[in-house]
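What follows is the residue order along each chain.
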Amino acid sequence: MSNSLALVTGAGSGIGKAITLAFAAQGDRVIAADLDLAAAEATAAEQPELITALPVDVADRAQVDALRDRAHAEIGVPTVVVNAAGWDRTDQFLNATTEFAEKVVAINYLGPVHVCSAFLPGMIAAGGGGRVVNLASDAGRVGSAGESIYAGAKGGVIALTKSLAREMARHAITVNCVCPGPTDTPLFAAQPEKLKEALIKAIPFRRLARPEEVAAPVLFFASAAASFITGQVISVSGGLTMAG
């Protein structure tokens with residue numbers, strides 16, 4: 001997918017930023033979308049000739065539709081869509097309020113639903129296929145104490161990926177999923193210190209993933225080398241999880 005136009009949500013920091021910069025590094029144009037426009041603009045400033053920053057709250061379908069309309073009018077129809085926006089806060093399930101649960105699901109599950117629903121019709125109409133890469137989490141594959149609702153939402157993203165892959169195959173659009181383990185991002189840095197230490201000790205490599213290490217399989221799924229791969233899930237966890 002050389003000379004692609006990629007849409008990356010959550011592009012203002014962490015994994016989303018690393019993915020955005022990785023696309024730009026190989027010469028692709030990128031729409032860097034984020035709830036925090038200033039952060040997205042800071043990402044874009046690193047490659048201003050290739051990256052355009054636009055605001056979006058993926059939990060708000062009206063904002064996602066506005067992002068689509070502006071992207072199509074000002075930049076073009078993306079050939080690659082990467083759902084990297086996400087949010088969580090570690091706590092026990094029984095402490096979760098309804099408001100917290102709804103926010104987690106709205107961002108982590110309905111966010112990708114909104115983005116795919118908004119952008120896939122244009123990709124289909126443009127012809128020529130395309131790529132969708134969803135960022136889930138190993139929490140959605142094997143569970144994670146203190147992240148039950150988040151894990152459920154990310155498990156939903158995995159199932160969404162597989163189901164969309166079946167529906168989009170007729171349009172030559174692949175849909176795949178990358179599941180990061182603990183990664184050196186602002187979201188991880190906000191977790192309790194004891195939890196962070198325990199997770200690092202549990203990883204066979206004894207360190208966190210770097211965001212660019214998560215970006216690498218995203219770029220693979222978006223590339224021509226992955227043209228016959230769809231509905232697949234890959235973990236980037238340093239061996240923390242090895243579920244089949």
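This text goes with the structure placed above it.
Residues numbered from 1 in each chain as written. Predicted model: local features only at pLDDT ≥ 70, side-chain atom pairs only at ≥ 80, totals over all residues. Heavy atoms only, no water.

A. Representation of the overall build of the protein chain in the model. Helix and strand counts for the protein chain stand at 9 helices and 7 strands. Against the 2.2 N^0.38 benchmark of 18 Å for 244 residues, the protein chain shows a C-alpha radius of gyration of 17 Å, consistent with a compact globule. Principal axes of the C-alpha set define a box for the protein chain whose edges measure 45 × 35 × 35 Å. In the protein chain, the proportion of contacts linking residues at least 24 apart, taken out of those at least 6 apart, comes to 69%. Summing over all exposed atoms, the protein chain offers an accessible surface of approximately 11,000 Å²; the carbon and sulfur share of this is 56%. If the 19 positive side-chain charges of the protein chain are averaged to one point and the 23 negative ones to another, these points end up 7 Å apart. (Helix = DSSP H or I, 4+ residues; strand = E, 2+ residues; numbered from the N terminus. Rg over C-alpha atoms; globule rule 2.2 N^0.38 Å. Contact = heavy atoms within 4.5 Å. Areas by Shrake-Rupley, 256 points an atom, 1.4 Å probe, with all protein chains shown as cover. Lys, Arg positive; Asp, Glu negative; His and termini not counted. Charge placed at Lys NZ, Arg CZ, Asp CG, Glu CD.)

B. Seen up close, unusual backbone geometry. Phi is positive for Ala172, close to 60°, though the residue is something other than glycine. Assignment of secondary structure puts Ala172 in the loop between α6 (148–168) and β6 (173–180). One non-glycine residue with positive phi stands out, namely Arg206, at about 60°. Residue placement: Arg206 occurs in the loop between α8 (193–202) and α9 (211–221). Using a relative accessible area of 55% as the deciding quantity, one classes Arg206 as exposed. (Buried < 20%, exposed > 50% of the residue type's maximum accessible area, 1.4 Å probe, protein only.)

C. Examining empty space enclosed by the protein more closely. Summed over the entire model, instances satisfying the criterion amount to 1 cavity of 30 Å³ or more. In this model, the largest cavity occupies a volume close to 60 Å³. For the largest cavity, the full set of lining residues is Asp88, Arg89, Asp91, Gln92, Phe93, Ala96, Phe100, Gly146, Glu147, Ser148, Ile149 and Tyr150. Per-element tally for the lining of the largest cavity: the top contributor is α6, with 3 residues. (1 Å grid on protein atoms, 1.4 Å probe; cavity = no way out; pocket = protein on both sides within 12 Å on 5 of 7 lines; lining within 4 Å. Points joined across faces, edges and corners; volume = space filled by probe spheres on them.)

D. Looking closely at the layout of surface pockets. Of the volumes computed, that of the largest pocket is approximately 1,100 Å³. Forming the walls of the largest pocket are 47 residues, and the residues nearest its centre are Gly86, Trp87, Tyr150, Thr185 and Leu187. For the lining of the largest pocket, the elements supplying multiple residues, two or more each, are α1 (14–25), β2 (29–34), α4 (98–126), α5 (139–142), α6, α7 (186–189) and α8. Within the lining of the largest pocket, the residues separate by chemical class into 24 nonpolar, 15 polar and 8 charged. (Nonpolar A, V, L, I, M, F, W, Y, C, P; charged D, E, K, R; others polar.)

E. Broad picture of the packing of helix α3 (residues 61–74) against α4. Orientation of α3 relative to α4, taken along the N-to-C sense of each, is 30°, at an axis distance of 9 Å. Judged by the inter-axis angle, α3 sits roughly parallel to α4. In the packing of α3 onto α4, the handedness of the crossing is right-handed. Contacts between α3 and α4 pair Arg61, Val64, Asp65, Leu67, Arg68, Ala71 and His72 from the former with His114, Val115, Ser117, Ala118, Phe119 and Gly122 from the latter. In terms of residue class, the contact of α3 with α4 is built from 6 nonpolar, 4 polar and 3 charged. (Axes fitted to C-alpha atoms, helices over the stretch in contact; angles between N-to-C directions. Parallel < 35°, antiparallel > 145°, perpendicular 65-115°, else oblique. Left-handed = near helix turned anticlockwise from the far one by under 90°.)

F. Seen up close, the nonpolar core. Counting 30 residues, the largest nonpolar core has Val8, Ile19, Phe23, Val82, Leu135 and Val178 as the members making the most contacts within it. Grouped together as the second largest cluster of nonpolar side chains are 26 residues, Ile31, Ala33, Val115 and Ala118 included. (Core = buried A, V, L, I, M, F, W, Y, C linked by side-chain atoms within 4.5 Å.)

G. Just α1, in detail. Here α1 is 12 residues long and its end C-alpha atoms lie 17 Å apart, about the 16 Å a rise of 1.5 Å per residue gives. Within the span of α1, buried status applies to Gly14, Ile15, Gly16, Ala18, Ile19, Thr20, Phe23 and Ala24. (Expected span 1.5 Å × (residues − 1).)

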